[in-house]
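Given next are the chains, with one letter for each unit.
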Amino acid sequence: MTIETDTDSTTQIRAQARPTNLRAGMETLARLAQDVARMDEALDRLAELSGQGGERPVARLKEQLAAFEPCITLLGQVKSGKTSLINAMAGWADLLPSDVNPWTSVVTSLHLTPASRRAETGAKFRFMTEAEWDRLTTKGGRIGELAGRAGADGELEKIRRQIETMRDTSRKRLGRHFELLMGQEHDYGYFDKNLLERYICLGDDFDGAEDAPGDAALDAGHKGAVSKGGAEQGRFADITRSADLFLNCQTVPFRMCLRDTPGVNDTFMMREMVTINAVRDSKLCVVVLSAGQALTSVDMALIRMIANLKSRDVVIFVNRIDELPDPAAQVLEIEQSIRQTLKDHGGPADAEIIFGSAYWAGAVLNGDVEALDAGSAAALMEWARHKLEASVARQSAPNIVWEMSGLPALWRAVSERIVGTLGTACLASVARQAITLGTSQQAARSVVVAGGGATSDISMHELRAAMDRVARDATAALEADLDLVFAEYRQRADRAHETFLDRATHALLDHLERRGADYMWDYDPAGLRMLLRSAYSVLCKRVKATAEQHYEAAVRDAAGLLYQGFGAAVEGIQLGVPAPPEAPAPVALAQTIALDFNDSWWASWWRRARGQKAFAKRFRRLILAETEDFMTQMKEAQTVDIRAGVMTAMTAFFDQQRDILFELTSVGTQRGADVERLFTSEQERQRRALLDSTLETFERHAA
Ligand SMILES: Nc1nc2c(ncn2[C@@H]2O[C@H](COP(=O)(O)OP(=O)(O)O)[C@@H](O)[C@H]2O)c(=O)[nH]1
Ligand SMILES: [Mg+2]
C-alpha cells in the first residue's frame, strides 16, 4: 500500500509493463452492473410517475437495491495466500499487509466500490465484547474448556500460561483504556498501512514470548516487518474483532465485499468460531489452498468447513503453483487428491477448482514480471506452455502472466456465481415489488375514475385498521408455525445426539470387551455430523414450505381486503409473493469438538479413566459435555438467521401493503381538480405508456 494515497502505482509502471486484461473474467459482473443501473433508473421513473405519496415506497426499493453488496469470503490454510489473493483481486498488490502474524482473529472485510481512481475512503474497526474476551481469557477458549474437562492438566497449564501472556501484553499495550474499548468501534475516513498495523497486526513483542500460541504458525516472516509505527503496531490487534475497509477500486465493475478470514486450526479455536460466523453469513466462499500441501490431514477443520458447503457456493483456488517444479503435471494429481478428499468427507466433490499464483498476479500489478525469480519464471513458462490458448499467446507478457496467475479464471467463476445466485435473486425481488407498486398506482387512478374512495361501506380508516389486523394475524400465524418447525428440528437434533451417544458408548464397550483397556480407542464423530446435517436439511425444507404457504396466504388475505374495499378497480394490482430467503449453510457443523482430537489430552483421559468401573458412563458424560456447545451452536446460533430472514420478508410485504392502501385511500382526498386532470386524456395516455414501458423493465427480471 502506498502511504501517499493520491499516487497511483499503475501510472508509475512503464507503459509496456501495464496489463490490459485486468478485467478479464468480470464480463458477467459488468452485465449485472448494467442491469442494476437500469433497474435503478426504472425506479426513478416509477417514482416520477407515482406523484405524491408514491415516492416513499419506491425509495425503499431503491435502498434495497443499493444495499445489495455480494460478499465473497476467503478461507483456507494459514499462509496459503488468502490476503495476497484478496490484494490481487482488488488490483492492488500491497493493499492489505500479508504475512501478518496469523494469530489474530480479525475478520477483514474489504468493500470495493467501482471508481475511476482508487482511494481508501474509510475504515471501521470493532473490538471484542467483554463476554467474548472473558470467554477467551478466563476459560482459554473452547480448547481450554475441553482440556479442563478431560483433566489434561499439563495441556491446560500450558494454555493458561499462553493466555496470561496474552492478557498481560494486551493490558500493557492498552493500559487503562482496556476496559473502555471493549465492545467499541473506531471509525476513520481513510486507512493506510500504519492504521491497519495498529488494528490488525500483532506487535513484535509477541515474537519474544516463548510459548506464544500457535507456535508453528508464528513464523519468522513477520519479524522483519517492523513498521514506522514501531510501538504502535498491533496496539489494538488482540482485541480487534473485525475490520471493515472501504476502497474505491478501478477494476471491479460492481460493488462487492471481499472478506478475509483468519483461518482455522488455532490453539484457542477463537479463529475457528470467527471464521464459521463469517462463512455462515456469506453465500459464496473461495477456499484458498497452498499447491504444495493441498488439503492434508492437518486440515480437517477446513475440510469439515468445505464439506458443509454446496458446490455452487464454493470455488477452490489452489495458490502458489509458482512453487511447483512441474506445474503442468502436478496440478492433475493435486486436483484428483482434492476431489478424493472432498468425496471421502461427503463434501462438494464437483466444486470448481482453479490453479494460480497470487505471487504472479502481484508481480503483474507491480509492473515487474521481468523480475520474477528464476524458479518461478521456469514454472510460469511450463504452466503457460500447458495452458495457453493461441489467442492469449500473442498478447503482451504482463497480460499472459495475469492470465496464468489464475485471476481471470477466478473472476469468471466468482462473477458467474454472484450473478447467478445473488444478483438474479436481488433483481427479482426488487422487480416484483416494483410491479406491485406500479400496478397499484394504476389501480389508484381507476379508483378515482370509478368514483373514488372505498366502494363498500368500509371507511378508509377501517380499511387501514383491517390491513393492520391482517398483518398482525399473518405474522403471528407464521411465528407459531415456525416455532413448531424449529421445535421439531431441535427434537430431531437431540435424538440424533442421543443416538450418537448410544452408538459411541456401545462401540467403547465393544472395544473394551474385544481388545481391553490397554489399547487406546477413539471414535469418529462424523456420524453425529451426518445425522445433524440431515436434520438441518429437513429443517430448511420445512421452513421454506412453511414460509411459502404463509406468504401466499398473506397475499390472498391482503388482496381480498383490497377487493373488499375497492372492488373491480383494484383487480389489476399484481401482488408479488415474496420468495423465502435461502438458508445459510450448516457451517456450525464444522466446529471442532473434543472427539476430533485423538491426541494428548484424550490419551491422558483414557489413562486416568480406564481402570474405573463406571468407565462407559463417564465416557458418555464426557462426550455429552464435549458436544454440548456444538449442539447449542446447531440448535440456536444456526437457526436465528433463518427465522429473521423469513420474518423480514413478511414484514416487508405488509409494509408495502400499507403503502398501497395509503395510496388507494388518499385518492379520495385529491378529487376535484385532480380528477379533472386525470380525465384530460392525452396527458394520461402518455403517462400510461411510460408506466407500461417502465413495468416492462421490471417484468424482465421478475421471473
Ligand atoms: N511463492 C508464492 N508465495 C505466495 C503466494 N501467495 C502468497 N505468498 C506468500 O506467502 C506468505 C503468506 O501470504 P498471506 O497472503 O499472508 O497468506 P494468508 O495467511 O493466507 O493470508 C507471504 O509471504 C506471501 O508473500 C504465491 O502465489 N506464491
Ligand atoms: Mg492473511
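Scroll up a little and you will see the structure.
Definitions and cut-offs
Residues numbered from 1 in each chain as written. Chains lettered and ligands numbered in written order. Predicted model: local features only at pLDDT ≥ 70, side-chain atom pairs only at ≥ 80, totals over all residues. Heavy atoms only, no water. Near = heavy atom within 4 Å. Polar contact = N/O pair within 3.5 Å; in protein donor to acceptor, adjacent residues only side chain to side chain. Helix = DSSP H or I, 4+ residues; strand = E, 2+ residues; numbered from the N terminus. Nonpolar A, V, L, I, M, F, W, Y, C, P; charged D, E, K, R; others polar. Salt bridge = Lys/Arg side-chain N within 4 Å of Asp/Glu carboxyl O. Buried < 20%, exposed > 50% of the residue type's maximum accessible area, 1.4 Å probe, protein only. Axes fitted to C-alpha atoms, helices over the stretch in contact; angles between N-to-C directions. Left-handed = near helix turned anticlockwise from the far one by under 90°. Contact = heavy atoms within 4.5 Å. Phe/Tyr/Trp six-rings, centres within 6.5 Å; stacked < 30°, edge-to-face > 60°. Lys NZ or Arg CZ within 6 Å of the ring centre and 35° of its normal. Pairing = 2+ DSSP bridges. Expected span 1.5 Å × (residues − 1). Core = buried A, V, L, I, M, F, W, Y, C linked by side-chain atoms within 4.5 Å. Parallel < 35°, antiparallel > 145°, perpendicular 65-115°, else oblique.

Honestly, the site of ligand 1 in this entry has me stumped. Any pointers?
Close to ligand 1 lie 16 residues, the nearest being Lys82, Thr83, Ser84, Asp99 and Asp322. Ser80 has a polar backbone atom sitting 3.3 Å from an oxygen atom of ligand 1. Elements supplying a minimum of two residues to the shell around ligand 1: α4 (82-89) and α14 (358-365). With three residues, the single largest contributor to the shell around ligand 1 is α4. When its residues are assigned to classes, the shell around ligand 1 shows two nonpolar, eight polar and six charged.

What am I meant to see in the pattern of salt bridges here?
Side-chain pairs of opposite charge can arise where the charged atoms are in close proximity. Under the definition given, this model contains 27 salt bridges. Arg312 is paired through a salt bridge with Asp313; the nearest N and O atoms lie 3.6 Å apart. The class of Asp313 is buried, set by a relative accessible area of 6%. Where Arg620 meets Glu498, a salt bridge forms, and the shortest distance between an N and an O atom there is 3.2 Å. Here Arg620 is found in helix α22 (residues 615-666), whereas its partner Glu498 is found in helix α19 (residues 460-515), with 122 residues between them in sequence. Residue Arg620 is classed as partly exposed on the basis of its relative accessible area, which comes to 26%. A network of salt bridges, in which partner residues are shared, links Lys124, Arg126, Glu185, Asp187 and Asp244.

What exactly am I supposed to notice about the packing of helix α2 (residues 27-50) against helix α24 (residues 681-702) here?
The geometry of a pair of packed helices is captured by two quantities: the angle between their axes and the separation between those axes. Running from N to C, α2 and α24 point in directions that differ by 150 degrees, and their axes come no closer than 10 Å. Seen from above, α2 lies across α24 with left-handed handedness. In contact with Asp35, Arg38, Met39, Ala42, Leu43, Arg45, Leu46 and Leu49 of α2, α24 contributes Arg687, Leu690, Leu691, Ser693, Thr694, Thr697, Phe698 and His701.

I tried to follow the packing of aromatic side chains on my own but got confused; where do I start?
The geometry of an aromatic ring pair is captured by two quantities: the separation of the ring centres and the angle between the planes. Under the counting rule described, the total for this entry stands at ten aromatic pairs. Ring geometry for Phe68 versus Phe254: centroids 5.9 Å apart, planes at 45 degrees, classification tilted. Separated by 186 residues along the polypeptide, Phe68 in the loop between α3 (55-66) and β1 (71-76) and Phe254 in the loop between β5 (240-249) and β6 (256-260) bring together distant segments of the chain. The class of Phe68 is buried, set by a relative accessible area of 11%. Where Phe653 meets Phe654, the ring centres are 5.1 Å apart and the plane angle is 75 degrees; that geometry is what we call edge-to-face. Judged by relative accessible area, which is 4%, Phe653 ranks as buried. Put simply, the rings of Phe125, Phe127, Tyr188, Tyr190, Tyr199 and Phe236 touch in pairs and so form one group of aromatic residues. Over the face of the ring belonging to Trp92 we find Arg118, whose NZ or CZ atom lies 3.6 Å from the ring centre.

I'm lost on the sheet that holds strand β4 (residues 185-188) in this one. Help?
What holds strands together in a sheet is hydrogen bonding between their backbones, with the strands either parallel or antiparallel. In spatial order, the strands read β4-β3-β5-β2-β6-β1-β7-β8-β9; together these nine strands make up an open sheet with mixed pairing. On the outer flanks of this sheet lie β4 and β9 (352-355), each paired with one strand and no other. Going from strand to strand, the sheet's axes swing by 20 degrees on average, the running direction of each strand aside. Contacting β1, β2 (107-114), β6, β7 (284-290) and β8 (314-319), α4 crosses the sheet at an angle of about 160 degrees to β6.

I tried to follow unusual backbone geometry on my own but got confused; where do I start?
Most of the time, phi is negative for any residue but glycine, and the peptide bond is trans. Despite not being glycine, Lys79 shows a phi value in the positive range, around 70 degrees. By the element assignment, Lys79 lies in the loop between β1 and α4. Owing to a relative accessible area of 30%, Lys79 belongs among the partly exposed residues under this scheme. With a phi angle near 65 degrees, Arg320 is a residue other than glycine that sits in the positive phi range. Note on placement: Arg320 falls in the loop between β8 and α13 (327-344). Judged by its relative accessible area of 28%, Arg320 is partly exposed.

So what exactly am I meant to see when it comes to the pairing of β6 here?
Successive side chains on a regular strand alternate, one facing one side of the sheet and the next facing the other. For β6, the buried fraction is high: five of the five residues fall into the buried class. As judged from the four bridges shared by β1 and β6, these two strands associate in the parallel manner. By the bridge assignment for β6, Ile72 is matched with Leu258. Note: β2 against β6, five bridges, orientation antiparallel. When the bridges of β6 are listed, Ser109 appears paired with Arg259.

Before we go on, may I ask you to explain α24 in this structure?
Spacing of three or four residues puts side chains on the same side of an α-helix, whose turn is 3.6 residues. Taking 1.5 Å per residue as the helical rise, α24 with its 22 residues ought to reach 32 Å, and the 30 Å between its terminal C-alpha atoms agrees with that figure. Among the residues of α24, Glu684, Arg687, Leu691, Thr694, Leu695, Thr697, Phe698, His701 and Ala702 are the ones counted as buried.

Could you clarify how one ought to interpret the nonpolar core in this entry?
One recurring pattern in soluble globular proteins: nonpolar side chains tend to sit buried together. Core analysis: the largest hydrophobic core is formed by 125 residues, its most contacted members being Ile338, Leu410 and Phe698. Looking at this core element by element, the count peaks at 15 residues for helix α18 (residues 407-449). Residue contacts for Leu410: discarding those within four places in its chain leaves Leu85, Met89, Val286, Val315, Phe317 and Ile354. Leu501, Tyr523, Leu532 and Met631 belong to the second-largest nonpolar core, a separate cluster that totals 65 residues.

Just to check I follow, could you spell out the packing of α4 against α14 for this structure?
Axis separation between α4 and α14 bottoms out at 9 Å; the angle between their running directions is 40 degrees. Classed by the angle they form, the pair α4 and α14 counts as oblique. The hand of the α4/α14 crossing is left-handed. The segment α4 lies against α14, with Ser84, Leu85, Asn87 and Ala88 engaging Ala358, Ala361 and Leu365. A breakdown of the residues in the contact of α4 with α14 according to their chemical character gives five nonpolar, two polar and no charged.

In this structure, what is going on with the environment of Ala379? I would like to understand it.
Here Ala379 lies in helix α15 (residues 374-387). Residue classification places Ala379 among the buried positions, given a relative accessible area of 1%. Taking the C-alpha atoms as reference, Ala379 lies 6.7 Å from Leu324; in sequence the two are 55 residues apart. Once residues lying within four places of it in the same chain are set aside, the contact partners of Ala379 are Ile321, Asp322, Leu324, Pro327 and Trp360.

By themselves these figures say nothing about function.
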